[in-house]
Amino acid sequence: MSTRLAQGGRLIDRSKPKNFTFNGKRMKGYEGDTLAAALLGEDQMLVGRSFKYHRPRGIVASGAEEPNALVNLGQGGRFEPNQRVTTTELFDGLTCTSQNHWPSLEFDVGVVNNYAARFLPAGFYYKTFMAPQAAWKHVFEPIIRKSAGLGQVPTEADVDRYEHYYHHTDVVVIGGGVAGLAAALAAGRSGAKVLVMEQTHHWGGRAPVDGGEIDGQSPDDWIATTLAELEGMDNVTLRSRMMGSGVYDHGYVLGYERVADHTPGDDRPRHRLWRIRAKQIVTATGAIERPLSFAGNDIPGVMLASAVRDYAVNWGVSVGDRTVVVTNNDDAYRTALALKEAGLDVPVILDARAEATGPLAEAARAAGIRVEPGRAIAKVNGGKRVTGVSICLQAGEGAALEDIACDAVAMSGGWSPVVHLWSHCGGKLIWDEAQSHFRPDPDRAPTSHDGKPFVVTAGAASGPLDLAGVLDDAYEAGKQAAKAAGGKAVRKAGPKAKAEEAQPMAPVWIMPQGAGHQKRMKMWLDYQNDVKVSDVQLAAREGYESVEHTKRYTTLGMATDQGKLSNINGLAVLSDALGQPIPATGTTTFRPPYTPISFGAIAGEARHEIFQPIRRTPMHQWHEDAGAYMEPVGHWRRPYCYAKPGETNEQAVHREVLNTREKLGLLDASTLGKLIVKGPDAGKFLDMMYTNMMSNLAVGKCRYGLMCSENGFLSDDGVVARIDDDTWLCHTTSGGADRIHAWMEEWLQTEWWDWKVYVANVTEQLAQVAVVGPNARKLLEKLGGMDVSKETLPFMQWKDGTIGGFDARVYRISFSGELSYEIAVPASQGRAFWDTLLEAGEEFGVMPYGTECLHIMRAEKGFIMIGDETDGTVIPQDLGLNWAISKKKEDFLGKRAQQRSHMTDPDRWKLVGLETLDGSVLPDGAYAVGEGDNEYGQRNMIGRVTSTYYSPTLKKGIAMGLVKHGPDRMGEVLDFPTVDGSNTVIKARICDPVFYDKDGEKQNV
Amino acid sequence: MLILECPYCGVMADETDLHGGGEAHLKRFGPGSSDDEFETYLFHRKNPKGIHFERWRHVSGCGKWFHAARNTMTLEVYGTYSAQTYEPPKAIINAVKKKHPEWEGWT
Amino acid sequence: MSNAVSALQGASFDGYCKVDEAGLVGMITLRGDLSSAAVAKAVKTATGADIPGQGEITEGVKGRAGWMSPDELLLIVDHAEAPNVVDAASKALANEHALVVNVSDARAVFRVTGAACREVIAKLTPADTSVMQPGMLRRTRIAQIPAAFYLEDDETAVLVCFRSVAQYAFDILSDAAKRGGEVV
């Protein structure tokens, strides 16, 4: 059993116990524990079930590489699934539950998959998908949906807050082990601005666990000295609990800082995502130990040798009383020695190498440990817990020589540098034959905007695995990065350790090397996703040669740990099956993030009210106070209608239409885009931007204009006013101001840069109110200040003056067909002006109206709306707007495109009015069907509805649509089949799109 | 995520401050042009694996368009320059040639 | 007029930095040839300040002049004075190609006060706030909106954005300045 030792644990404070629960069971750990250490301290070896076969899963590792030990962490608004216990700091009151089992962790019915394992081989899903479609929908999908996925989905909103933080630095050092610290020391001494990040809450990494001496000090002492020196440097920033999540183009790095995971509810942001721009990146990310592939290597109690050592040294936790060590390299001997020193039993060290002659092997023998070279594990005995191992010859087929009772197995298959961050942005790898691992190729580093390398690896991440080599490499890397980032030359020598003699490791990809199929079916490569040696071999037999394809076919390395333990072993097995050397197989692609990061951190502040910017007009608060139903128009919120108590929105809209037509309505038109275009060439420029002439517009007058893209399609419309000799004011659609402003600037800057024109966007400088209806003039006359009579201010003209004491620009323009003034005042006075109009307008029956009323009134008048009648495929000619397209102008944007054969095709659908025979309202977007079928057997379409409303004015449904040969078919009746399932057809007659006041008598008074 | 130096502001601007605008140095064809010319202008775009001349706008900065000579494979930026030019300036051409003597030119 | 109000009417938030909406501020966009003597004179008359160089903001007795682009300045003056300044500058520049326009009401202005003002803004902008010094102006974005900012002194940052998104700007700045969010 695993237990807390009476002594030891360099990271824990035994005077500060912390209580927590696992599956409701109360447990105790100490400050400084990871959840993994605390669970093991309480003998909780079984922590979950695997993904596919629901096999019992125990803790395998002690850090970010852990594939098995994922839990549901927290409760309510802090519930989060798939949290790795090895990277979760223990805190008082922590609650967690195990995942992926039913009904319980100890007894899981899903384990039947385990017995059906031979029916669930590699490519199971792909093979299953070949079944009849019906089986997929009714049989497989429901079952897979129920059994797939690990943790539970949270049901409550996240109560924590998150933020981003942009940071600019010369050098960023990722990893705070001795390599990272040595690199930081070099970079810091150069005077460069340095950021050092460490993913755990303690500095120094594994060196204190591994032992040795640095500059004559113990690793712990050297770390303390070095931290003190770094903390004393103003140019160095140290951040623990921050993981280098990804390296991206041009020196961009994401740092994932877990600010308050261990102090939930203390009002700090839970996570902070550092968005770092660094000139140079040093990845001191260390190395990860590889498992060995032997039968039963997934039984709880089988762990990485380094993890067994970490638990003993860092947290004073014994994984088992009797631990068998199995290895192909020297490092695992340190585990045996550490266990022995802690007073635990190591019955045997099985060394797959033919000889065990290194100094560590000698030390083990001297400590009285039995060392067996050339031996392997034939199989591990046990179910939910290791009970013993059978020993065999590594060179043989697995005949058992001896059974040894034990309750833990510490395995080591060698070490692989963590190359993820090096590789994220294109750093290449080379195969190191001696260490049997891929390591960064310093000659093929990722390059930045200046074409120069911007990532350098340090320490074990570069390849060296001994302390002396690690320190030399890391200090040099720090110097190199600092120099490339513009730091001063560093003369001071770096930290040194004594070189150690070591026996070379020997690659061992399966154990024993001649293991048969039965054994290979029990050798796990990917613990979480249940991929075994036999699965990869099957994939190779079925023709999978690319490592990327094999990964997806077998799901090797596709679990949440992204193959940190399984990748190298998996591709070694694949290479062997394909009969090619490992470098020829290559690795899969390393992609960020290094380990999963929270969605909260990615979203940062962008949640709730500030999920995205909401644009508000100066009158916005009034609309909200009046209970307006708001609708989004771009990022604006505009009143759709102002329903009174007891009124539906539809009733309110109808009331607003009738009141505006009969009395007086007010519209907040502030969202309308307003661009000032000024300069000697402004007229010439606007003639290019608009389809019609703007240069000949008289000062004081307004003209409706259309803008097209170079493709000829209608893109925006609005009224243009000539302000003075060289100044125009262009109105755009509500959503279009920024887009059209950018469009004008683009042409001025990139095509006609010698034209003298300046554009300014004054949309938000002005609040604009449309005063609409037969009583509009009466209201303005009551307020007084300027002459708004028909004679002085006729239709389609504008004037500056004052209205009721407000400085105003008044336009006689109408989008409703009524007598209408659009009045612009400074935005700071917009609300006061609106209030004044409402108060003074009371005697004239004033009512505010919303966008839906606006839409209905314009449809009654047959006015088009950008986005309704247009959809990016419609040209002005389709909409009967030929009158607004200049024939005199040689050129305007879109003119050439509109001459293309497809644009002049007489078969293009054209705008018409539509009225149903029964007065009902046509469904929005309904299609008119013609005779016969198309080549796909579908009914031929001959038109579609673009706008459709109930007209309260006319008391019937009205619509506009685009119909093939429409204008030539006045009076014809079209069929519009419904799609609501009723199988009915609505009949509508083609008519003039102007339904109301065809001669414009109402607006021109 | 790229950083490009805005030649107007003189700052290294983050990609999120910028707006990409596709191929630079297009020649506009209007009325009077042939169908082929117009089609080329409107639709035909280079998509090189390597050196490319692009339009960018410093959208949340000065609002100006500028051009960048950039390698689409390595993301190296050889230089940024004013958009008010029909072809890349000599200095930019030289910067590219220095790195890629075999390069055949920008057209 | 006396009934003029700024977007948030002086709203403020107390965090580890203070966030205040600055109320009504006069702002004028001037586009023209920044090397022209007439422009320099008009700017001097309006603000008392010299023409700012690239990325700079200058200060005079009546206001400030900020460099917005190679052909654009932002003049910061008293709100009530802005219309007069526009008229005067427009007249002074009548003989050259220039555009002077009042944008006072198209903007919202915020002050972030405190020793950590650079840090608070750094939570929202990709621009390097650590290199910003009084006299420099940077146009960039804060979270999802365009903004410009400069320092009045080492502990006072001024941010300018569009009026319609004033509430959003205030909310994100307040969120960034919340106690407990101290980075350093």
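Parameters at a glance
Residues numbered from 1 in each chain as written. Chains lettered and ligands numbered in written order. Predicted model: local features only at pLDDT ≥ 70, side-chain atom pairs only at ≥ 80, totals over all residues. Helix = DSSP H or I, 4+ residues; strand = E, 2+ residues; numbered from the N terminus. Rg over C-alpha atoms; globule rule 2.2 N^0.38 Å. Buried ≥ 20, exposed ≤ 12 C-beta atoms within 10 Å, placed from the backbone. Contact = placed C-beta atoms within 7 Å. Axes fitted to C-alpha atoms, helices over the stretch in contact; angles between N-to-C directions. Parallel < 35°, antiparallel > 145°, perpendicular 65-115°, else oblique. Left-handed = near helix turned anticlockwise from the far one by under 90°. Nonpolar A, V, L, I, M, F, W, Y, C, P; charged D, E, K, R; others polar. Arc of directions from axis to C-beta. Pairing = 2+ DSSP bridges. Core = buried A, V, L, I, M, F, W, Y, C linked by C-beta atoms within 7 Å. pLDDT = per-residue confidence, 0-100.

Turning next to the overall build of chain B. Along its length, chain B carries two helices and six strands. Along chain B, from the amino end to the carboxyl end, the secondary structure elements read β-β-β-α-β-β-β-α. On C-alpha atoms alone, chain B measures out to a radius of gyration of 15 Å, which is about the 13 Å that the 2.2 N^0.38 rule sets for 107 residues. Oriented by its inertia axes, the alpha-carbon framework of chain B measures out at about 40 × 35 × 25 Å. Here chain B, with 107 residues, has 37% of them falling under the buried criterion. Of the contacts made within chain B by residues no fewer than 6 positions apart, 45% connect residues no fewer than 24 positions apart.

Time to look at the packing of helix α9 (residues 332-341) of chain A against helix α10 (residues 359-366) of chain A. All names here are of chain A. Running from N to C, α9 and α10 point in directions that differ by 25°, and their axes come no closer than 9 Å. With respect to α10, the element α9 is oriented roughly parallel. Crossing of α9 against α10: the hand is left-handed. Within the contact between the two elements, α9 uses Tyr333, Arg334, Ala336 and Leu337 and α10 uses Leu360, Ala361, Ala363 and Ala364. Tallied by class, residues from the contact of α9 with α10 come to seven nonpolar, no polar and one charged.

This brings us to α10 of chain A. Residue and element names in this part refer to chain A. Listed as buried for α10 are Leu360, Ala361 and Ala364. Along the long axis of α10, the arc covered by the buried residues comes to 100°, so they all point the same way. On the buried face of α10, the contacting elements are α9, β19 (349-351) and β20 (371-373). The positive-phi residue at the C-terminal boundary of α10 is glycine 368, with phi of around 90°.

All names here are of chain A. With eight of ten residues buried, α9 is to be regarded as a mostly interior element. What α9 keeps buried is the set Ala332, Tyr333, Arg334, Thr335, Ala336, Leu337, Ala338 and Leu339. Contacts made by the buried residues of α9 are with α6 (207-210), α8 (305-315), β18 (323-327), β19, α10 and β24 (408-412). Looking one or two residues past α9, glycine 343 carries a phi angle of roughly 90°, positive in sign.

Residues and elements named next belong to chain A. Here histidine 855 is to be found in helix α25 (residues 851-860). The sequence separation of histidine 855 and valine 47 amounts to 808 residues, and the corresponding C-alpha distance is 61 Å. Discounting residues that sit within four places of it in the chain, histidine 855 has contacts with Met865 and Tyr949.

Okay, the interface of chain B and chain C next. Taken together, the contacts link twelve residues of chain B with ten residues of chain C. Counted by class, the side of chain B that touches chain C contains four nonpolar, five polar and three charged residues.

The next point concerns the interface of chain A and chain C. The interface of chain A with chain C comprises 34 residues on the first partner and 37 residues on the second. Within the residue set of the side of chain A that touches chain C, elements represented by two or more residues are β9 (162-174), β34 (673-678), β38 (758-761) and α24 (830-841) of chain A. With five residues, the top contributor of residues to the side of chain A that touches chain C is β9 of chain A. Considered class by class, the residues forming the side of chain A that touches chain C number 15 nonpolar, eight polar and eleven charged.

All names here are of chain A. Spatial ordering of the open sheet is given by β3-β2-β8-β6-β7, a layout of five strands whose pairing is mixed. Each edge of the open sheet is held by one strand with a lone partner, namely β3 (25-31) and β7 (80-84). For this sheet, the mean angle separating the axes of adjacent strands, direction not counted, is 40°. Bridge count between strand β2 (residues 13-22) and β3: seven bridges; the pairing is antiparallel. Counterpart to phenylalanine 22 in the pairing with β3 is lysine 25.

This brings us to the environment of alanine 808 of chain A. Residue and element names in this part refer to chain A. Tracing the sequence through the fold places alanine 808 in strand β41 (residues 806-811). As for alanine 808 and glutamine 768, which are separated by 40 residues in sequence, their C-alpha atoms are 9.4 Å apart. Dropping the residues within four chain positions of it, alanine 808 is found in contact with Gly801, Thr802, Ile803, Ile823, Ala824 and Val825.

Next up on the list: the nonpolar core. Grouped together as the largest cluster of nonpolar side chains are 276 residues, with contacts concentrated most on Ala183 of chain A together with Ala169 of chain C. The element best represented in this core is helix α5 (residues 178-189) of chain A, accounting for nine residues. Ignoring anything within four residues of it in the chain, the contact list for alanine 169 of chain C reads Ala108, Phe110, Ile142, Ile145, Ala147, Leu159 and Cys161 of chain C. Formed by 101 residues, the second largest nonpolar core is a distinct cluster that contains Leu46, Val60, Ala338 and Ala376 of chain A.

Residue and element names in this part refer to chain C. With six of six residues buried, strand β3 (residues 26-31) lies mostly within the body of the structure. A two-sided burial pattern is seen for β3, the buried positions comprising Gly26, Ile28 and Leu30 on one face and Met27, Thr29 and Arg31 on the other. Note: β3 against strand β7 (residues 99-102), four bridges, orientation antiparallel. From the neighbouring strand, threonine 29 faces β7, where its bridge partner is valine 101.

Let's shift gears to the confidence of the model for chain B. Looking at chain B, pLDDT values average 96 and 100% of them are 70 or higher. The ipTM, which scores confidence in the relative placement of chains, is 0.98 for this predicted complex, and the corresponding pTM is 0.95.

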